[in-house]
Amino acid sequence: MRKLLFVVVCSLLIPLTAKAQKPSKPNASEIYEAIKKLNFLGSVLYVAAHPDDENTRLISYMSNHLKARTAYLSLTRGDGGQNLIGPEIRELLGVIRTQELLAARRTDGGEQMFTRANDFGFSKHPDETLAIWNKEEVLSDVVWAIRKFRPDIIINRFNHRTPGTTHGHHTSSAMLSVEAFDLAGNKNNYSKQLQYVDIWQPKRLFFNTSWWFYGSRENFEKADKSNLLAFDTGVYYPSYGLSNTEIASLSRSQHKSQGFGSTGSRGKQKEYVELIRGELPKNKTNIFEGIDTSWNRIKGGKAIGNILNQVEQDFDFTNPAASLPQLVKAYQGIVQLEDEHWKTIKSEEIKKIIAATAGLYLEAVATEPTATKGVNVSFKIEAINRSATTAILEAVTIAPIGIQKIVEQTLQNNIKQSFELKGKVPDDFEYTNPYWLVEEGTLGMYTVKEQKRIGKPETDRVIKANFSVNIEGVTIPFSREVIYKTNDPVKGEVYMPFEITPAVAVGIRDKVIIFANTTKKQIPVIVRAGQANIKGDIRLSHPKDWKVSPERIPIQLTQKGEEKTVMFTVIAPDIQSEGFIRPIVTVNGTTYSDEVITMDYDHIPFQTVVLPSKTKVVRLDIKKKGQHIGYIEGAGDVVPESLTQIGYDVTTIDPASISSASLESYDAIVVGIRAYNTVASLKFKQDYLLDYVKNGGNLIVQYNTNRRLKVKDNLGPYPFELSRDRVTDENAKVTFLAPDHPVLNMPNKITEDDFKNWVQERGLYFPNQWSNEYTPILAAKDKNESLKKGALLIAPYGKGFYVYTGLSFFREFPAGVPGAYRLFANMLSLGK
């Protein structure tokens, strides 16, 4: 669920409970598994292009069965995908999908990394992908990921040898991984990185192959497998009560915005990897053969390994705290290691184990969910030791807030210690925000100037409470993110991140405002106080040929969280024009022009995004016929709001209520994107919709995929076949196949100009076969491809018209593309 200025702007059937990541509270079995992982010093990096590309079976197997440190490097954040759970697209969808990946890794035990590459949409060839991405920068990011993570093994999801046969992003991810494998170990390559990391040469590089890459299972069975390793990823974990494949399904099911819910499976399941670089293991089931993954691989590690192997052997599931003396001894050895890489990783691992075995719970809770720069803040501290071991809370510091408290309090078994700390947020503190959105990027790349931030899944939480706890005579620092916690009558204990937000947030609800049948509109601007006692004024910056009145409006907000809506009159020019308006608030000489967007979905932590506030305004030369439009929701888009903008009355139709009589009043009915993939009840209502057309109605069906169709036999009144045909070049020339058809002439004359400034693509999942009753209207093609003629099909049926379109109106409307509105108005006006 997305909110603007903390006001709900969309309605979704998702609980309103906001949350942050809840603290981990491992049980004895989980502690034991963590100790086994502590004793494995090997790592695997899995590489692909997007969220949901990763093979969660293999990631879980490497992490949970082999106990290897395992990460997934997704080159993009999935910004160019579709969204089945809400209206967010582009960068906001990227934020959601980033969090879905993190939720997946929490499930399968992996870690998550990225590059600066922006998912600009489907690409048919790596040449196009790497030109838009800036190959050199993305390649440097992959090298950086290898040097930073230092994997022994790299596994590519895709085949680097088959460009042009699949998504260009997919092949590019493999090509870049192969190239980076050869570059990362040479100090002359990307030498500026060596200020922060050392060179690193992985031992082996594999391609995660399967029968799919061979065309069929039969072909794969016949193939030479001498260069392949195989693993049974269906292993069962008694400690978890789950098979590896069940964990993998739970992980994959976190990609909810893409509709990737997965049913768990059990039993043997083979995964194959093909060697690309390095020496092939003689044991075809041991990917780490010849690589020392014990503590012996690092100087000073042998003694630590002897201690921890004994801890693993003697672990008491009924009394995990019995291991504390030896764990603390091992911790002392780890922090003395010369190898900074493994020292950092293993010291964090063992600290988590020590806290878990002691039942040590440490928490810092802010008294409010948000704060602004320069204000006073309070935090409630809780510390409890739930074991018989000796523990002393020596001090608590929250360095960025200027808090340091010497405590020197013994933490007696199961006796909670709590107190409150107060401090002030520095005036120069950064807002809480995804770091890759702070500066404007390009079509193919996000702008991240700070090298150490590149690749991180999210912005580091700077406001942390650091607890110094003496256990068994050794002082150990434990860090906890400051959170906000409340109680929900239904959900119970609910967590939210503690956020630093602007003192004033300002925004316009609609991101595109169309001036279709008038040159003057009242534009509401919402101002919200992030702190008390805000007094100033607000104005709208605007294009030169547009006018705004009044010039300024005074505002006064006395309480934190208070909101006011002010109205500006915006006057458009008489001719077609477009540009941006931006609200600007001035308070005591300081200007504020950012909006605060929040997203609250049940499967990921509560998200806050601070972005520059702007709205596109478009003076549109458009005519329309008909007025009352019915809309059947699909996978999520803003088409209803967009049609309202150009003067239509739009009513959302509940599919369950569809009957012959219920549809008679509509001049046209529009079916949302992928509705026939996601709305099961439509298969029982399709006859009513086609009867509506037969009786004189106008039915417009937007794109669906040919997989998981709920309606197969009568998607239209006459047969047509959906395909994977698409045109990804948003600037591809559009050919008019039926230039005299009414849809290109009435009430708006459609010309080549109407296809200028489209975004991301022309369209997707076009039909490639249809009966003679359909008239193909438009065609386009990508470079070196045949003309795709199924972008817009229209068939008269009875007294009405059936329209099927794969054109990406769901992307063009939010971008305020004038031609998309004009063409859609013509589609709605058919037969009028």
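Residues numbered from 1 in each chain as written. Predicted model: local features only at pLDDT ≥ 70, side-chain atom pairs only at ≥ 80, totals over all residues. Heavy atoms only, no water.

Considering the overall build of the chain
A count of helical and extended segments in the chain gives 17 helices and 45 strands. In summary, the chain has a C-alpha radius of gyration of 29 Å against a globular reference of 28 Å for 832 residues, a match within 12%. Projected onto its principal axes, the C-alpha positions of the chain cover 85 × 75 × 55 Å. For the chain, the share of sequence-separated contacts (at least 6 apart) that also reach a separation of at least 24 residues comes to 75%. About 34,800 Å² of surface is accessible on the chain, with carbon and sulfur atoms providing 47% of the total. One way to put it: in the chain the 103 positive side-chain charges average out to a point 0 Å from where the 94 negative ones average out. (Helix = DSSP H or I, 4+ residues; strand = E, 2+ residues; numbered from the N terminus. Rg over C-alpha atoms; globule rule 2.2 N^0.38 Å. Contact = heavy atoms within 4.5 Å. Areas by Shrake-Rupley, 256 points an atom, 1.4 Å probe, with all protein chains shown as cover. Lys, Arg positive; Asp, Glu negative; His and termini not counted. Charge placed at Lys NZ, Arg CZ, Asp CG, Glu CD.)

As for the environment of Glu721
Looking at the element boundaries, Glu721 is found in strand β39 (residues 720-727). Here Glu721 falls in the partly exposed class, since its relative accessible area comes to 46%. Separated by 48 residues in sequence, Glu721 and Gln769 place their C-alpha atoms 5.2 Å apart. Residues in contact with Glu721, not counting those within four places in the same chain, are Pro767, Asn768 and Gln769. (Buried < 20%, exposed > 50% of the residue type's maximum accessible area, 1.4 Å probe, protein only.)

Quick look at the sheet that holds strand β25 (residues 520-529)
One open sheet holds the 4 strands; their spatial order is β23-β25-β29-β27, and the pairing between them is antiparallel. Looking at which strands have only one partner, the edges of the open sheet turn out to be β23 (504-507) and β27 (547-549). Mean inter-strand twist for the sheet, computed between neighbouring axes without regard to direction, equals 30 degrees. With 4 bridges connecting them, β23 and β25 associate as antiparallel partners. The residue of β25 that forms the bridge with Ala505 is Arg528. (Pairing = 2+ DSSP bridges. Axes fitted to C-alpha atoms, helices over the stretch in contact; angles between N-to-C directions.)

Section: helix α17 (residues 818-829)
A rise of 1.5 Å per residue sets the reference length of α17, with its 12 residues, at 16 Å; its end C-alpha atoms lie 17 Å apart and thus fit the reference within 8%. Most of α17 sits out of view: 12 of its 12 residues are buried. Of the residues flanking the end of α17, it is Gly831, one or two places downstream, whose phi is positive at about 80 degrees. (Expected span 1.5 Å × (residues − 1).)

Digging into the pairing of strand β15 (residues 391-398)
Counting buried positions along β15 yields 7 of 8 residues, so the element is predominantly enclosed. Pairing of β15 with strand β18 (residues 464-471), which is carried by 6 bridges, proceeds in the antiparallel orientation. Bridge assignment links Val396 to a residue of β18, and that residue is Phe467. Of the pairings in the sheet, the one linking β15 to strand β16 (residues 403-410) comprises 6 bridges and is antiparallel in character. When the sheet's bridge partners are listed, Leu393 is paired in β16 with Gln409. Connecting the antiparallel pair β15 and β16 is a turn made up of 4 residues, with Gly402 showing a positive phi of about 75 degrees.

Comments concerning the sheet that holds strand β7 (residues 204-207)
Spatially, the 7 strands line up as an open sheet ordered β5-β4-β3-β6-β7-β11-β8, and their pairing is mixed. Every interior strand has two partners, whereas the edge strands, β5 (111-114) and β8 (228-232), have only one. The mean inter-strand angle of the sheet, taken between neighbouring strand axes irrespective of direction, is 30 degrees. Two strands pair when backbone bridges link them, and strand β4 (residues 69-74) and β5 are joined in this way by 4 bridges, in the parallel orientation. Bridge pairing in β5 links Leu73 to Met113.

Quick look at unusual backbone geometry
Here Ser549 and Pro550 are connected by a cis peptide whose omega angle stands at -10 degrees. Relative to the assigned elements, Pro550 resides in the loop between β27 and β28 (553-557). Note the cis peptide between Met746 and Pro747, where omega equals -5 degrees. On the secondary structure map, Pro747 appears in the loop between β40 (735-736) and β41 (763-770). Even without a glycine there, the phi angle at Tyr190 is positive, about 50 degrees.

A short note on the confidence of the model for the chain
Within the chain, residue pLDDT values average 94, and 97% of them lie at 70 or more. Across residues 3-19, where pLDDT falls below 50, the model places 66 contacts with residues more than four positions away in sequence or in other chains. (pLDDT = per-residue confidence, 0-100.)

Some details on the nonpolar core
In summary, soluble globular proteins display a tendency toward joint burial of nonpolar side chains. Counting 60 residues, the largest nonpolar core has Ile354, Phe379 and Phe478 as its most contacted members. At 7 residues, the largest contribution of residues to this core is made by helix α11 (residues 340-357). Setting aside its immediate chain neighbours within four residues, Phe478 contacts Lys351, Ile354, Ala355, Leu360, Leu362, Ala465, Asn466, Phe467, Val469 and Ile471. With 44 residues, the next largest nonpolar core counts Ile622, Leu643, Tyr648 and Phe813 among its residues. (Core = buried A, V, L, I, M, F, W, Y, C linked by side-chain atoms within 4.5 Å.)

A look at the environment of Asn706
As for its placement among the helices and strands, Asn706 is situated in the loop between β38 (698-701) and β39. Here the alpha-carbon distance between Asn706 and Phe766, two residues 60 residues apart in the chain, equals 9.8 Å. Setting aside anything within four residues of it in sequence, one finds Asn706 in contact with Leu722, Ser723 and Arg724.

So, the packing of helix α10 (residues 324-334) against α11
Their axes nearest at 10 Å, the elements α10 and α11 cross at an angle of 160 degrees. Accordingly, the angle class assigned to the pair α10 and α11 is roughly antiparallel. Our pair here, α10 against α11, has a crossing hand that is left-handed. Of the residues in α11, those in contact with Leu324, Leu327, Val328, Ala330, Tyr331 and Ile334 of α10 are Lys343, Lys346, Ser347, Ile350, Lys351, Ile353, Ile354 and Thr357. The class makeup of the residues in the contact of α10 with α11 is 9 nonpolar, 2 polar and 3 charged. (Parallel < 35°, antiparallel > 145°, perpendicular 65-115°, else oblique. Left-handed = near helix turned anticlockwise from the far one by under 90°. Nonpolar A, V, L, I, M, F, W, Y, C, P; charged D, E, K, R; others polar.)

Topic: helix α15 (residues 682-694)
For an α-helix, 3.6 residues make a turn, and residues three or four places apart therefore share a direction. With 13 residues, α15 extends 18 Å from end C-alpha to end C-alpha; this agrees with the ideal 18 Å at 1.5 Å per step. Inspection of α15 places Leu682, Lys685, Gln686, Leu689, Leu690, Tyr692 and Val693 among the buried residues, and these make up the whole buried set. Buried positions in α15, seen along its axis, are confined to an arc of 155 degrees and lie on one side of it. Across from the buried face of α15, at angles greater than 90 degrees, the exposed residues are Phe684 and Asp687. (Arc of directions from axis to C-beta.)

Comments concerning the packing of aromatic side chains
Summed over the entire model, instances satisfying the criterion amount to 30 aromatic pairs. Aromatic pair Phe813 and Phe824: ring centres 5.4 Å apart, planes at 75 degrees, arrangement edge-to-face. Taken together, the positions of Phe813 in the loop between α16 (809-812) and α17 and Phe824 in helix α17 put the pair 11 residues apart, joining distant regions of the chain. Phe824 matches Phe813 in its accessibility class, with the two residues each being buried. Cluster of aromatic residues (ring-pair linked, three or more members): Phe736, Phe755, Trp758, Phe809, Phe813, Tyr821 and Phe824. It is Arg77 that lies over the ring of Phe114; its NZ or CZ is 4.1 Å from the centre. The ring of Tyr765 carries the charged tip of Arg726 above its face, separated from the ring centre by 5.4 Å. (Phe/Tyr/Trp six-rings, centres within 6.5 Å; stacked < 30°, edge-to-face > 60°. Lys NZ or Arg CZ within 6 Å of the ring centre and 35° of its normal.)

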